[in-house]
Amino acid sequence: MLRTSTLVALTSLCLPSWSAAADPAVSYERDVRPILKANCFHCHGGEGDAKGNLDLRLRRFIAKGGDQGPAIEPGKRGDSLLFERVSKGEMPPAGKHLAPEQIEIIGKWIEGGAPTLRDEPEQLNSGVDITPEERAFWSFQPITNPAVPATAIVDGARTEIDALLLPVLKAKGLAFNPEADKVTLIKRLTLDLHGLPPTPEEAAEFVADASPDAYERLVERLLISHRYGERWARHWLDAAGYADSDGYSAEDFVRPQAYKYRDYVIRSLNANKPVDQFLIEQFAGDELLQSHPGDYRPEEIELLTATGFLRMGADGTASGGVEQDVARNQVMSDTIKIVSTSVLGLSVGCCQCHDHRYDPIPQADYYRLRAVFEPAYDWKHWRAPGSRRISLMTAEDRQKVAVVDAEAAIIVQEKNKKQTEYIAAALEKELEKHPAEKREALKIAFTSPGDKRTPEQQKLVAENPSLNISAGTLYQYNPQAAEELKKIDERIAAVQAKKPVEDFVSALTEVPGQIPPTFLFYRGDQRQPKEEIAPGGLTILATSGQRLEIPNKNEQLPTSGRRLAFAKWLVGDQNPITARVLVNRIWLGHFGRGLVNTPSDFGALGESPTNPQLLDWLAYDFRSHGWDVKRLHRQIVTSAAYRQSVLRDPKRMELDPEGQLLSHWPLQRLDAETLRDRMLSATGVLFEKQFGPAIAVKEDDVGQVVVAVDSPNPTIAPPPSSEAFRRSIYIQVRRTQPLAFLQSFDAPVMETNCDKRVASTVPAQALMLMNSDFVLKQSMHFAYRLRRERGGDVAAQIQRAWQLAFLRDPSAAELQQATDFINQRTAKLMAQTPPDPDASFNPYVSLCQILLSSNEFLYVE
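Numbering of residues begins from 1 in every chain and follows the order in which that chain's sequence is written. Local features in a predicted model are, by the rule used here, given only for residues with pLDDT of at least 70; side-chain atom pairs are given and counted only at 80 or more, and totals for whole chains, interfaces and linings are based on all residues. Processing note: side-chain calculations cover all non-hydrogen atoms of the structure and skip hydrogens and water entirely.

Participant: Explanation requested: helix α11 (residues 226-240) in the structure shown.
Facilitator: Residue pairs spaced three or four apart in an α-helix point in one direction, given the helix's 3.6 residues per turn. Only runs of H or I of at least four residues qualify as helices and only runs of E of at least two qualify as strands under DSSP, and these elements are numbered from the N terminus. Multiplying one less than the number of residues by 1.5 Å gives the expected span of a helix. Given a rise of 1.5 Å per residue, 15 residues ought to cover 21 Å, and the 21 Å separating the end C-alpha atoms of α11 matches this to within 8%. At arginine 234, α11 shows its maximal kink, close to 25 degrees. By the criterion of burial, α11 is predominantly enclosed, with 13 of the 15 residues buried. Two to three positions downstream of the cap, the backbone nitrogen of arginine 227 sits 3.0 Å from a side-chain oxygen, assigning the N-cap of α11 to serine 225. Glycine 241 occupies a position one or two residues after α11 and carries a positive phi of about 75 degrees. We define the bend at any residue as the angle between the axes fitted to the seven residues before and including it, ending there, and the seven starting there. Think of it in three bands: with a 1.4 Å probe and only protein chains considered, a residue is buried below 20% of the maximum accessible area for its type, exposed above 50%, and partly exposed in between. We define a polar contact as two N or O atoms separated by no more than 3.5 Å, with the added condition that, inside protein, one atom must be a possible hydrogen donor and the other a possible acceptor, whereas residues neighbouring each other in sequence contribute only through side-chain atom pairs.

Participant: Before we go on, may I ask you to explain the environment of glutamine 644 in this structure?
Facilitator: Tracing the backbone shows glutamine 644 in the loop between α25 (640-643) and α26 (650-655). Relative accessible area serves as the criterion here: at 1%, glutamine 644 is assigned to the buried category. Separated by 459 residues in sequence, glutamine 644 and leucine 185 place their C-alpha atoms 8.8 Å apart. In this analysis, two residues are considered to be in contact whenever any of their non-hydrogen atoms come within 4.5 Å of each other. Leaving out residues up to four positions away in the same chain, glutamine 644 has contacts with Phe176, Asn177, Pro178, Glu179, Ala180, Arg188, Leu662, Ser663, His664 and Trp665. Within the structure, glutamine 644 has its side chain in polar contact with the backbone oxygen of leucine 662 (distance 2.9 Å).

Participant: I keep staring at the confidence of the model for the chain and nothing clicks. Help me out?
Facilitator: Detailed conclusions should not be drawn from predicted coordinates in areas where pLDDT is low. Taken residue by residue, the chain gives an average pLDDT of 92. The fraction at 70 or more is 96%. Residue range residues 1-21 is modelled with pLDDT below 50. Its contacts to residues more than four positions away, or to other chains, number 33 contacts. Along the chain, pLDDT gives the predictor's confidence residue by residue, from 0 to 100.

Participant: Hey, could you run me through the state of the cysteines in this one?
Facilitator: One covalent bond between the sulfur atoms of two cysteine residues makes up a disulfide. Whenever a pair of cysteine sulfur atoms sits within 2.5 Å, that pair is classed as a disulfide. Applying the stated criterion across every chain, the model contains zero disulfides. Cysteine 351 carries a free sulfur, and the closest cysteine sulfur to it, the one in cysteine 350, is 4.3 Å from it. Here cysteine 351 falls in the buried class, since its relative accessible area comes to 0%.

Participant: I would appreciate a short explanation of the pattern of salt bridges in the present structure.
Facilitator: In a structure, side chains of opposite charge can pair up when their charged atoms sit close to one another. Within this document, salt bridges are pairs made up of a side-chain nitrogen of Lys or Arg and a carboxyl oxygen of Asp or Glu, the two lying within 4 Å of each other. Scanning the entire structure with this criterion turns up 64 salt bridges. With a closest N to O distance of 2.6 Å, aspartate 246 and arginine 255 form a salt bridge. On the accessibility criterion, aspartate 246 (6% relative accessible area) is buried. The exposure class assigned to arginine 255 is buried, which follows from its relative accessible area of 11%. Linking arginine 593 and glutamate 658 is a salt bridge whose minimum nitrogen-to-oxygen distance equals 3.3 Å. With a gap of 65 residues between them, arginine 593 in the loop between α22 (578-591) and α23 (612-624) and glutamate 658 in the loop between α26 and β5 (668-669) connect regions that are remote in the sequence.

Participant: How do you make sense of the nonpolar core when you look at a structure like this?
Facilitator: Grouped burial of nonpolar side chains is what soluble globular proteins tend to show. Among the nonpolar cores identified, the biggest contains 172 residues, and Trp236, Tyr261, Phe283, Phe566, Trp587 and Phe741 are the most heavily contacted of them. Setting aside chain neighbours within four positions, we find phenylalanine 566 in contact with Phe283, Val339, Leu369, Val372, Phe373, Leu548 and Ile550. Here, the term nonpolar core denotes a set of buried Ala, Val, Leu, Ile, Met, Phe, Trp, Tyr and Cys residues that are joined through side-chain atoms within 4.5 Å. Judged by nonpolar contacts, the second largest core, of 23 residues, contains Leu54, Leu82, Leu98 and Val128.

Participant: In this structure, what is going on with the environment of tyrosine 296? I would like to understand it.
Facilitator: Checked against the element boundaries, tyrosine 296 lands in the loop between α13 (275-284) and α14 (298-306). Residue class for tyrosine 296 comes out buried when judged on its relative accessible area of 15%. Along the sequence, tyrosine 296 and leucine 392 sit 96 residues apart, while their C-alpha atoms lie 7.1 Å from each other. Filtering out sequence-adjacent residues up to four positions away, tyrosine 296 remains in contact with Leu289, Ile301, Leu304, Ile390, Ser391 and Leu392.

Participant: Help me understand helix α27 (residues 672-683) in this model?
Facilitator: With 12 residues, α27 extends 17 Å between its outermost C-alpha atoms, agreeing within 8% with the 16 Å of an ideal straight helix rising 1.5 Å per residue. Counting buried residues along α27, 11 of its 12 residues qualify, which places the element largely inside the surrounding structure. Along α27, the positions that sit buried rather than exposed are Ala672, Glu673, Thr674, Leu675, Arg676, Asp677, Arg678, Met679, Leu680, Ala682 and Thr683. Just downstream of α27 lies glycine 684, where phi reads positive at about 85 degrees.

Participant: How do you make sense of the packing of aromatic side chains when you look at a structure like this?
Facilitator: How two aromatic rings sit relative to each other is set out by the distance from centre to centre and by the angle between their planes. Aromatic rings from Phe, Tyr and Trp, with only the six-membered ring used for Trp, were paired whenever their centres fell within 6.5 Å, and each pair was classed as stacked if the ring planes differed by under 30 degrees, edge-to-face if by over 60, and tilted otherwise. Within the structure shown, the criterion is met by 26 aromatic pairs. Ring geometry for phenylalanine 591 against tryptophan 665: centres 5.7 Å apart, planes inclined by 50 degrees, an arrangement best described as tilted. Note that phenylalanine 591 is positioned in helix α22 and tryptophan 665 in the loop between α26 and β5, a separation of 74 residues in sequence. Both residues of the pair, phenylalanine 591 and tryptophan 665, belong to the buried class. Pairing tryptophan 802 with phenylalanine 806 gives two aromatic rings, centres 6.0 Å apart and planes at 85 degrees, and the pair type is edge-to-face. Here the residue tryptophan 802 and the residue phenylalanine 806 both occupy positions in helix α31 (residues 794-806), the gap between them amounting to four residues, near one helical turn. One Lys or Arg, arginine 643, reaches over the ring of tyrosine 215 and ends 4.1 Å from the middle of that ring. Positioned above the aromatic ring of tyrosine 730 is the side chain of arginine 726, whose terminal nitrogen or guanidinium carbon lies 4.4 Å from the ring centre. Charge-over-ring contacts are defined here by two conditions on Lys NZ or Arg CZ: a distance within 6 Å of the ring centre and an angle within 35 degrees of the ring normal.

Participant: Where do I start with unusual backbone geometry in this structure?
Facilitator: Glycine aside, residues mostly have negative phi, and peptide bonds are mostly found in the trans state. The omega torsion of the bond from methionine 91 to proline 92 falls at -10 degrees, within 30 degrees of zero and hence cis. Relative to the helices and strands, proline 92 is located in the loop between α4 (81-87) and α5 (100-111). Backbone torsion omega between threonine 833 and proline 834 reads -5 degrees, so that peptide bond is classified as cis. Among the secondary structure elements, proline 834 is positioned in the loop between α32 (812-830) and α33 (842-852). One non-glycine residue, arginine 523, lies in positive phi territory at about 50 degrees. Considering the arrangement of structural elements, one finds arginine 523 in the loop between β3 (518-521) and β4 (529-533). For arginine 523, a relative accessible area of 46% gives the class partly exposed.

And the structure:
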């Protein structure tokens, strides 16, 4: 193969001719560079010195080649070293071979003369530059306000959402399904907005309401209920990585104040707090404070609580046996992952070690983000979780504490005086049991301080243990005195009970005046710091041409002001991505899949939006109308797309099987918490107490994690309110002990956060429904409810069971099957020797368990 310096020189002279006027079929920038960037740049030009002196970042660098000569022969793939090495699987090394289609792209590019789309720059900075092709990616473009096509109700459109969906459907020869029946609509809507079913009576009232705005009034009623916040908080808490324990190590310490952040989210959603305010508070609530510590007003406590969002990452720095520097930096890494995936829709974690392989995010940008949070997470001057708690005790409360302590101290002094007298009297009495000539020596030995005793005195003490009288043993010598002293203790306790309880909130704050520098770590290793990095945003999100640059210190604030500046940029018009990410999450919550079905990855490896115009319209409208999330809910749930039936004909099955185009309602299985809560509602035991500390969990006798509160046994009497029967959002999220029932139905284990839940179908779910103590007891509660409400009438109980479980009456066939089941099971139990004393009741328990385990109960149409 001819590889000479003359050829290299001639090739270099021909540089401008590679930029063809016409768009080539395969070009370096658009087709080849992404492959090389993902697989080869880290060794050949992207980081430090290029291996073999081969830099692949530009076409002319490739043509020039490295130690082994030119890497390509334009027009001749077979004579090109680059094609030879990737075809044989020799590069990339370590088993990371290119896919056949990627190799073919490189081959076609070489065969076509290795063209570029434009003249290449004369020189490159170190690292990987951002190309025009990367800047042109859809999610990095400014949010637009697409024109809404004119449609009429006859086309099936009710809202702007429908008008933007219909052209895509029509292009496929599809349309919306007819509207679902009213029972299906109220069940779907209530489960969606509340995470609980409507009652049979509510469903009957809605069906009977013939007014044209019945559905819209139903939407409003559901949105103003406290149940709405309890349901939709779960979606955000997943993205935030909410957990009630520290994680990281096996100790997994409980976070006793974490629940306050959960309650903050619920209250914010119920109050319809504008989402831009909601985000600013969570990123920088502490930087909005005006009061001094100890004088927090309720609204300022709320701001501090909001920063719990940035305390949700696992934090093992309070655990023993961990490498502190590693654990501290892991807290920062997890926090950045939560931030980037929840509000930026990008995964930047790999940039901790190197430039992103697929998205235009250089390593320096990762550390720009890190510098935003470093003043609060200063790993060189670390504060363990317990030290990050903020006392909510006011100055007035502290004065009360001082008064109570002074009052209690007087009684303690009285007690100590009497106790000393009683011990001395008891010693004198015991000494009388010893020879008179030894009493003085014994008395001196036992009343002398332990460290002042002579060897002879120490011997006397050891030989006479009965004289060792203390506060703990006084009752053995003078029981009357020890009761008397106990009464004084009760007086002390009564006084101390008047002391205000000191409460805390877990928050992210900065130490005033302490602003550490941020350094880029070589390959992510904190032991190898390189250049200092200033705080800022991601370069690729600079739609105005100017990347977000944040001052080192905001002189108007006692804090650095970095997080506040970042939060304001997040919700500003110059940020092209956050509004898209948030409306996509809301859409995902309603339909089970997002317009972008990779909600945390709007980058090259994520899915493209199924309807880019609709996504942009929603984002623009959301941002333009005050980030009003309840308004967005109304727009979605009143659309024809949302209200249509689930029925699928052969054409829809072929062209839109999963419903991503929304030619039909996509059938969805209830998520874990909604399934558990629906059971509690159907069986009549749901306890709707709001807010407060998390309900603890524990392992039962067989090792399954269950609620730690003992639940009342099922009886014919109405069940009492029990913490065990509260909504699932109030159950403790312990990283090492996820509740078994919820985990079986795909509730996430919060190692970091959860951007999207899966809906698996596995044998463990059937086993949980058949065998778990929770489901068995709920079935009994359900059966007792039927007996209380419908007496002994078999048909009436069956009908009520169907109404409570499915919001409908059983069909004639179902009624007959259920009746036969009850009668046959009863007869069989009565025929046993001895007969089952509960033979007339247990068949109903079995029937109820069947209903609670049925697809109709587990899925929402």
